[in-house]
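These are the residues of each chain, in order.
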There are 2 protein chains.
Amino acid sequence: MQYLVGVDIGGTNIKLALVDKKANLRGKRTFSTTSFKGKTALINGIVSQIENLISSQGLKKKGIIGIGIGAPGAVDIRTGTVHYLTNIPDWREVPLGTILKKRLGIPVFVDNDVNVMALGEVYFGAGKGAVNMLCITLGTGVGGGLILDGKLYRGSSYAAGEFGHVPINIDGPRCNCGSWACVEAYVGNSYIVKGVVADIRSGQKTLITKLVKGDLSKITPEIISEAERKNDKFAKKVWMDVGNKVGIGLAGVVNLLNMEKIVIGGGVAEAGKVLFDSIKKAIKLRAMKLPAKTVKVVKAKLGYDSGLIGAATLVLYELEKENVSKN
Amino acid sequence: MQYLVGVDIGGTNIKLALVDKKANLRGKRTFSTTSFKGKTALINGIVSQIENLISSQGLKKKGIIGIGIGAPGAVDIRTGTVHYLTNIPDWREVPLGTILKKRLGIPVFVDNDVNVMALGEVYFGAGKGAVNMLCITLGTGVGGGLILDGKLYRGSSYAAGEFGHVPINIDGPRCNCGSWACVEAYVGNSYIVKGVVADIRSGQKTLITKLVKGDLSKITPEIISEAERKNDKFAKKVWMDVGNKVGIGLAGVVNLLNMEKIVIGGGVAEAGKVLFDSIKKAIKLRAMKLPAKTVKVVKAKLGYDSGLIGAATLVLYELEKENVSKN
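Let us look at the structure shown here. These numbers come from a predicted model, not from an experiment.

## Brief notes about the packing of aromatic side chains
- The final tally for this structure, using the stated rule, is four aromatic pairs over all chains.
- Here A:Y123 and A:F124 contribute two aromatic rings whose centre-to-centre distance is 6.0 Å and whose plane-to-plane angle is 45°, an arrangement assigned as tilted.
- When its relative accessible area of 21% is taken as the criterion, A:Y123 is described as partly exposed.
- Residue classification places A:F124 among the partly exposed residues on the basis of a relative accessible area of 22%.
- Relative to B:F36, the ring of B:F31 lies with its centre 5.5 Å away and its plane at 80°, an arrangement referred to as edge-to-face. The pair formed by B:F31 and B:F36 is uniform in burial state, with each residue classed as buried.
- Between the NZ or CZ atom of A:K15 and the centre of the ring of A:Y304, over which it lies, the distance is 3.7 Å.

Okay, here's the thing in structure tokens:
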């Protein structure tokens, strides 16, 4: 059996695992990004974790087909350069792919975390077989990855897919990206929570207040969902409103890209039916008839391991491409 | 010298011409779409016009590489089926490509009019050499065509590219497509004119009123531009506002697709510098730094003949693809 190594680099944790060609995981481990002080220590940490992962499973490096890495932000895929890592201050424009390839002697591919998730979902998850697909994550940020004409679409400077920064209003709340009224500025975790807190402070009655025992700083999307499951009307309205905002943004993408599938993952997607119904309703209302009829909105399937599986899938994807261009 | 035939089907006129492989036109002719009563008469008209065009230029059918047709709306490219033609009431789901191929014995390719324009601009015009590009037309409607990863991107039901129906506001004016607050609902010709008329009726002083001698029904985008060139402040504001709306829509596409080029054509694009400056300003303000830096906004180059040249380019494009897949 041949294995891939998947590496999922996040702001808080780095996860890695051996992954077989059917997306089964083996030897998964997690270590804290923040426990490494600086760029060099982190790179050394990744190298020794990978070596250790391989040997601890009784394997040798030559049994590894390749290493796939998902990292936040735009990635220059030619050198696997990761521009920034939030918790590693001296990390600037690091050609992680080139470095790891040299140190480990195994092919390494690096791409944006949502791009690799999109690949994972289209190979093994909810997007299986889709030719044109948008995969989005709803969480702290709102990310996106595009499969177009059966290939990962990266754009002219490898920065494509930023669904979270499609504006859905002329005026509106300021967004982290420097613009305003972006999808993320309405439905990013902190914006949702901020809105709920403001409403409660203005006298809104809701079960949420009781669930956090009056401590509004404890409100999270999970708490809002808990209240919604207990039939709290306000919580339901929150998710319907989030779904409407996401759906307006998606309606524009549906008209522009006429995809057959939209795969939605991330913590906020756990809000479930009330959210998805509202998203679908907005698309039906706002997108043109033909593309609206063509598109299916589904929940991501790979869940918590989507980053790892996606990273490993990147290796499969890149090696397939190389084989096609050789023939 | 081998020739292509380009056919540009519009609501009012059908244009056709012989086109060589360098996009030079020969024997261009125009006939009125509306002079044909019904589907069969129109198809016969197209067939005889094409035959006549070829023979009148001293050519034979076997000297024609192929016929390319641009038609309004989504086109099922497999059979060249044009779903609707506004002025031909009994035109419903007509497989124009299949019919013409049979009648004329020459390869026929049919696609959406803005898709073929995008191909024309990327082969011979302002988009020359672009790998990722959005081509839009600003006129009665707002259309779009996408070149992604060097290929025409058509979407899962051949309906992609509808930039005009990307919503840029949560609430807003009703759009022809049934939705509201779409780009087109702000910047389609009739919406621009309607806004100007309303402002003048509410007491707005502008040179426009004088230019139409008080007959507000005579206001057109050209008149607004004439006033703007004569330094009318209100007319300038109109174009700045149109540019801002177009730019907000484009900022979203830039973040989503990270193209290197946006090509803008259509009558409204003639508003020139004031409009383009305003579009660029909105993109710079609203799009993310990296993709905003990557994209260039330019005016379409092929002008009045872009439909014809684009239609002929479709033949070149499709035959190139066939050759690639044969090898």
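This is not the end of the story, as more comes after the structure.
## Comments concerning the packing of helix α8 (residues 233-257) of chain A against helix α9 (residues 273-286) of chain A
All names here are of chain A.
- Interaxial distance between α8 and α9 falls to 7 Å at its minimum, and their mutual angle equals 40°. The angle between α8 and α9 falls in the class oblique. Here α8 and α9 pass one another in a crossing that is right-handed.

## As for the sheet that holds strand β2 (residues 13-19) of chain A
All names here are of chain A.
- One open sheet holds the five strands; their spatial order is β3-β2-β1-β4-β8, and the pairing between them is mixed. In this open sheet, the two strands that pair with only one neighbour each are β3 (25-32) and β8 (108-112). Strand-to-strand twist of the sheet, defined as the mean angle between neighbouring strand axes without regard to direction, takes the value 15°.
- Where strand β4 (residues 64-71) meets β8, five bridges bridge the pair, whose relative direction is parallel. Bridged to G68 within β8 is F109.
- Contacts between helix α1 (residues 39-56) and the sheet are confined to β1 (3-9), β2, β3 and β4, with β3 contributing the most and set at about 155° to the helix.
- Those strands touched by helix α3 (residues 113-124) are β4 and β8, and its axis lies near 105° from that of β8.

## Overview of the relation of the copies chain B and chain A
- Between chain B and chain A, which share one sequence, the superposing operator has a rotation angle of 180° and an axial displacement of 0.0 Å; the RMSD is 0.1 Å. Overall, the copies show the geometry of a two-fold rotation axis. Among all residues of chain B, the one whose C-alpha sits closest to the rotation axis is B:N169, at a distance of 1.9 Å.
- Residue by residue, 100% of the interface of chain B is reproduced at the interface of chain A, so both copies engage with the same surface.

## Observations regarding the side chain of A:N132
- For A:N132, the position within the fold is in the loop between α3 and β9 (133-138).
- Since its relative accessible area comes to 2%, A:N132 is described here as buried.
- Engagement of the side chain of A:N132 in a polar contact is seen with the side chain of B:Y153, the distance being 3.2 Å.
- Look past the residues within four positions of A:N132 in its chain and what remains in contact with it is A:I147, A:L148, A:D149, A:M259, A:E260, A:K261, B:Y153, B:G155 and B:S156.

## Re the sheet that holds strand β6 (residues 81-84) of chain A
All names here are of chain A.
- Taken in spatial order, the three strands make up an open sheet running β5-β6-β7, and their pairing is antiparallel. In this open sheet, the two edge strands, each paired with only one partner strand, are β5 (75-76) and β7 (92-95).
- Examined bridge by bridge, β6 and β7 share three bridges and lie antiparallel to one another. Looking at β7, one finds that Y84 is bridged to R92.

## Points about the interface of chain B and chain A
- Residue-level contacts link 45 residues of chain B with 45 residues of chain A.
- Carbon and sulfur atoms make up 60% of the surface buried where chain B meets chain A, a total of about 3,800 Å² over both sides.
- Three residues stand out in chain B for area buried against chain A, namely B:I170, B:L256 and B:R286, and they jointly supply 21% of the buried area on that side.
- Across the chain B-chain A interface, the total number found is zero salt bridges.
- Viewed at the interface, chain A and chain B are joined by 36 residue pairs in polar contact (both at pLDDT 80 or more).

Rules of the game
- Residues numbered from 1 in each chain as written.
- Chains lettered and ligands numbered in written order.
- Predicted model: local features only at pLDDT ≥ 70, side-chain atom pairs only at ≥ 80, totals over all residues.
- Heavy atoms only, no water.
- Phe/Tyr/Trp six-rings, centres within 6.5 Å; stacked < 30°, edge-to-face > 60°.
- Buried < 20%, exposed > 50% of the residue type's maximum accessible area, 1.4 Å probe, protein only.
- Lys NZ or Arg CZ within 6 Å of the ring centre and 35° of its normal.
- Axes fitted to C-alpha atoms, helices over the stretch in contact; angles between N-to-C directions.
- Helix = DSSP H or I, 4+ residues; strand = E, 2+ residues; numbered from the N terminus.
- Parallel < 35°, antiparallel > 145°, perpendicular 65-115°, else oblique.
- Left-handed = near helix turned anticlockwise from the far one by under 90°.
- Pairing = 2+ DSSP bridges.
- Contact = heavy atoms within 4.5 Å.
- Least-squares fit on C-alpha atoms with pLDDT ≥ 70 in both.
- Polar contact = N/O pair within 3.5 Å; in protein donor to acceptor, adjacent residues only side chain to side chain.
- Buried area = accessible area lost by both parts, 1.4 Å probe.
- Salt bridge = Lys/Arg side-chain N within 4 Å of Asp/Glu carboxyl O.

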